[in-house]
Amino acid sequence: MSLMTPLNRVLGLGTAKGAAEHWWLQRVTAIALLPLGLWLAYALLTLPGFDYASVTAWVQQPVTSILLILLVVAISYHSALGVQVVIEDYVPGNGMKAATLVASTLAHVALGVAAAFAVLKIAFGS
C-alpha cells in the first residue's frame, strides 16, 4: 500500500522530495563541525594574545589556514541547509518562498566566499 496519490506517482513526486539526503547532509556537516569547532576553541584559548600580530601569525600557518577554510565551508553549508528548512516550513506562498530561498543561498555563498577570501588573504600575507 502506497501513500502516494496516482498523480504524484506519475510525476515522480514522493512525500519527502529528497528530505533523506538533506537530513544526512545536515548531520554530516554537524559531525564535521564538532572537531573543527573544538580545534578552533582550543587554538584560540592557547593563543598567547589576541593582538593583530599574534592572530595574523597564527592564521598564516598552513594547517591553521586550511582548517579555517574547512570550518568556513562546513559552517556555510550547514547554515544554508538549516535556513532552507526554516524557509520551506514557514514562508508562505510559492513565489515568496522561491525568492527567499534564492536570497538565502546567495547570502550564504557570498559570506562563505568572503570569509575564505579573508583567510587566504591573511595566509598569503597580502
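Parameters at a glance
Residues numbered from 1 in each chain as written. Predicted model: local features only at pLDDT ≥ 70, side-chain atom pairs only at ≥ 80, totals over all residues. Heavy atoms only, no water. Core = buried A, V, L, I, M, F, W, Y, C linked by side-chain atoms within 4.5 Å. Buried < 20%, exposed > 50% of the residue type's maximum accessible area, 1.4 Å probe, protein only. Contact = heavy atoms within 4.5 Å. Helix = DSSP H or I, 4+ residues; strand = E, 2+ residues; numbered from the N terminus. Polar contact = N/O pair within 3.5 Å; in protein donor to acceptor, adjacent residues only side chain to side chain. Phe/Tyr/Trp six-rings, centres within 6.5 Å; stacked < 30°, edge-to-face > 60°. Expected span 1.5 Å × (residues − 1).

A short note on the nonpolar core
1) Next: Among the nonpolar cores identified, the biggest contains six residues, and these are Ala 43, Leu 47, Trp 58, Val 59, Leu 68 and Val 119.
2) Next: When residues no more than four places from it in sequence are discounted, the contact partners of Val 59 are Thr 64, Ser 65, Leu 68, Val 119, Ile 122 and Ala 123.

As for the side chain of Gln 26
1) Next: Structurally, Gln 26 can be placed in helix 2 (residues 19-45).
2) Next: A relative accessible area of 14% places Gln 26 in the buried class.
3) Next: Once residues lying within four places of it in the same chain are set aside, the contact partners of Gln 26 are His 78, Leu 81 and Gly 82.

Some words on the environment of Thr 105
1) Next: Along the polypeptide, Thr 105 turns up in helix 5 (residues 94-123).
2) Next: Taking the C-alpha atoms as reference, Thr 105 lies 9.1 Å from Val 83; in sequence the two are 22 residues apart.
3) Next: Within polar-contact distance, the side chain of Thr 105 engages the backbone oxygen of Leu 101 at 2.8 Å.

Some points on the environment of His 108
1) Next: Inspection of the secondary structure assignment puts His 108 in helix 5.
2) Next: For His 108, a relative accessible area of 17% puts it in the buried group.
3) Next: The spacing of His 108 and Tyr 77 is 31 residues in sequence and 7.7 Å in space, taken between C-alpha atoms.
4) Next: Residues within four places of His 108 in sequence aside, it is in contact with Ser 76, Ser 79, Ala 80 and Val 83.

Some remarks on the packing of aromatic side chains
1) Next: Taken as a whole, this structure holds two aromatic pairs when the rule is applied.
2) Next: Relative to Trp 58, the ring of Trp 39 lies with its centre 5.9 Å away and its plane at 20°, an arrangement referred to as stacked. One end of the pair, Trp 39, is in helix 2; the other, Trp 58, is in helix 3 (residues 52-59), with 19 residues separating them in the sequence.
3) Next: Since its relative accessible area comes to 12%, Trp 58 is described here as buried.

So, helix 4 (residues 62-90)
1) Next: Along its 29 residues, helix 4 runs 42 Å from first to last C-alpha, staying within 8% of the 42 Å computed at 1.5 Å per residue.
2) Next: Among the residues of helix 4, Thr 64, Ser 65, Leu 68, Leu 71, Val 72, Ala 74, Ser 76, Leu 81 and Ile 87 are the ones counted as buried.
3) Next: Where the residues of helix 4 are buried, they touch helix 2, helix 3 and helix 5.

Keep in mind these numbers describe shape, not what the thing actually does.
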